[in-house]
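Close look at the chain arrangement
Spelled out, the chains give:
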Amino acid sequence: MALGTNNMTITTQAKFIPELWSDEVIAAYKTNLVLANLVTRMSHIGKKGDTIHVPKPTRGASAVKAAGSQVTLIAATDTELTISLDKHYEYSRLIEDLLDKQALSSMRQFYTDDAGYSLAKQVDTNLWLQSYTLTGGTINAVSSGTTTDFGTAGTVIGSDGSTAFNAGNDNAAALADAGIRKVIQTLDDNDIPMMDRFLVIPPVEKKNLTGLARFTEQAFVGEAGNGNAIRTGLVGDLYGVPVYVSTNCPTDTEGSQDARLCLLAHKSALVLAEQMAVRTQTQYKQEYLGDLFTADTIYGTGELRNDAGIKIAVVG
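Residues numbered from 1 in each chain as written. Predicted model: local features only at pLDDT ≥ 70, side-chain atom pairs only at ≥ 80, totals over all residues. Heavy atoms only, no water.

Overview of the overall build of the protein
Helix and strand counts for the protein stand at seven helices and 15 strands. Burial statistics for the protein: of 316 residues in total, 40% are counted as buried. Put simply, 73% of the contacts in the protein that link residues at least 6 apart link residues at least 24 apart. Here the protein has roughly 16,900 Å² of accessible surface; of this, 53% comes from carbon and sulfur atoms. (Helix = DSSP H or I, 4+ residues; strand = E, 2+ residues; numbered from the N terminus. Buried < 20%, exposed > 50% of the residue type's maximum accessible area, 1.4 Å probe, protein only. Contact = heavy atoms within 4.5 Å. Areas by Shrake-Rupley, 256 points an atom, 1.4 Å probe, with all protein chains shown as cover.)

Notes on the sheet that holds strand β14 (residues 290–303)
The strand order β1-β13-β14-β4 describes an open sheet built from four strands, whose pairing is mixed. Since the sheet does not close on itself, it has two edges, and those belong to β1 (40–43) and β4 (87–96), each with one partner. With direction set aside, neighbouring strand axes in the sheet form an average angle of 25 degrees. Judged from the 13 bridges that link them, strand β13 (residues 270–285) and β14 form a sheet pairing that is antiparallel. Its bridge partner lying in β14, V271 is registered against G302. (Pairing = 2+ DSSP bridges. Axes fitted to C-alpha atoms, helices over the stretch in contact; angles between N-to-C directions.)

Overview of the environment of V156
Assignment of secondary structure puts V156 in strand β7 (residues 155–157). Looking at V156, the relative accessible area reads 9%, which means it is buried. Separated by 10 residues in sequence, V156 and N166 place their C-alpha atoms 8.7 Å apart. Not counting chain neighbours up to four residues away, the residues in contact with V156 comprise G161, S162, T163, A164, F165, V183, I310, K311, I312 and A313.

Concerning the confidence of the model for the protein
Here the protein shows a mean pLDDT of 79. Residues at 70 or above account for 79%. Model confidence for the protein, summarised as mean pLDDT per element, is weakest for helix α7 (residues 229–232) at 39 and strongest for helix α4 (residues 177–189) at 93. Confidence drops under pLDDT 50 across residues 218–222; counting only partners more than four residues distant or on other chains, this segment forms 10 contacts. Every residue in residues 228–234 is under pLDDT 50, and counting partners more than four places away or in other chains gives 14 contacts. (pLDDT = per-residue confidence, 0-100.)

Some thoughts on unusual backbone geometry
Most peptide bonds adopt trans geometry, and most residues besides glycine take a negative phi value. Residues other than glycine seldom take positive phi values, yet D170 does so here, at roughly 50 degrees. Structurally, the position occupied by D170 is in the loop between β7 and α4. A relative accessible area of 25% means that D170 is categorised as partly exposed. Its identity as a non-glycine residue notwithstanding, Y239 has a phi of 50 degrees, on the positive side. For Y239, the position within the fold is in the loop between β9 (237–238) and β10 (241–245).

Digging into the pattern of salt bridges
All told, the structure shown has eight salt bridges when counted by the stated rule. One salt bridge connects K285 with E287, and the closest N-O pair in it is separated by 3.7 Å. The class for E287 is exposed, based on a relative accessible area of 58%. (Salt bridge = Lys/Arg side-chain N within 4 Å of Asp/Glu carboxyl O.)

Thoughts on the nonpolar core
Ranked by size, the top nonpolar core spans 42 residues in total, and within it L175, F198, L199, V200, L264 and I312 carry the most contacts. Listing elements by their share of this core, those giving two or more residues are α3 (106–131), α4, β8 (197–201), β10, β12 (259–266), β13 and β15 (309–315). With sequence-adjacent residues up to four places away left out, F198 is seen in contact with L35, L38, V39, V241, P242, Y244, L263, L264, A265, H266 and K267. Judged by nonpolar contacts, the second largest core, of 10 residues, contains I95, Y111, A115 and L119. (Core = buried A, V, L, I, M, F, W, Y, C linked by side-chain atoms within 4.5 Å.)

Take a look at the structure:
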């Protein structure tokens, strides 16, 4: 018997083929990651278990070898870092048949892009929260998204890079040349490698930095042609440290003025451990006469080196 004219084919139902969803969601996910691309990444994909144990050896000191004497043995009890793979986030949409038949084809493009963005933002949010533990800080309760209490431990203000941030005193201050040089010195004093450092700032600080001649004049930037910061308005790096702008920088609303968090760190400061990369699935739900689309990921975050990052509070 010949099929009717309304039969479904891979052409008419192409929007529900899982591979297409997956490719587009993963592309959007990778595009929107900021911190996750800068810190240490550890793959645990395909492996069992809910905790990763990472050895943390203690650095030893060399000793003078005296003639005819025994060598000096280094005695140390090494510790470990445990990373809990306890974060499982998902993004789901139920697309009913009526909507599928009447909506524009751009609907699927929006959903896939939105799924990737949503999961990427969640990963970045958890890494920002993990950054609170750097330089003796603690992860505080989250009230809404990344809006929370930074705490004063390990957080300095942007103007001088040394004064402790105090939300109650509203002393957050915009990044200044002296403050940037001081926080860089802090990492230098902690013997943090020069390579693989990064500075993540909110958009308000990009505006402030590009308004200072010190950071846009050709003699300082050392760029020419279309790459010149004067012409493009982009901040490439400061004193050899690449600068990234993120709208996901946390906000502290404790005081009468909002404060935003910047992070200067080395990639060894934080770690992102993925147990399941972004996965997409679709299933037709006859009871709803619609197609269920879900994207999810499983991962954990941890602090690798406490002194390899410093938090900076600026005016929000």
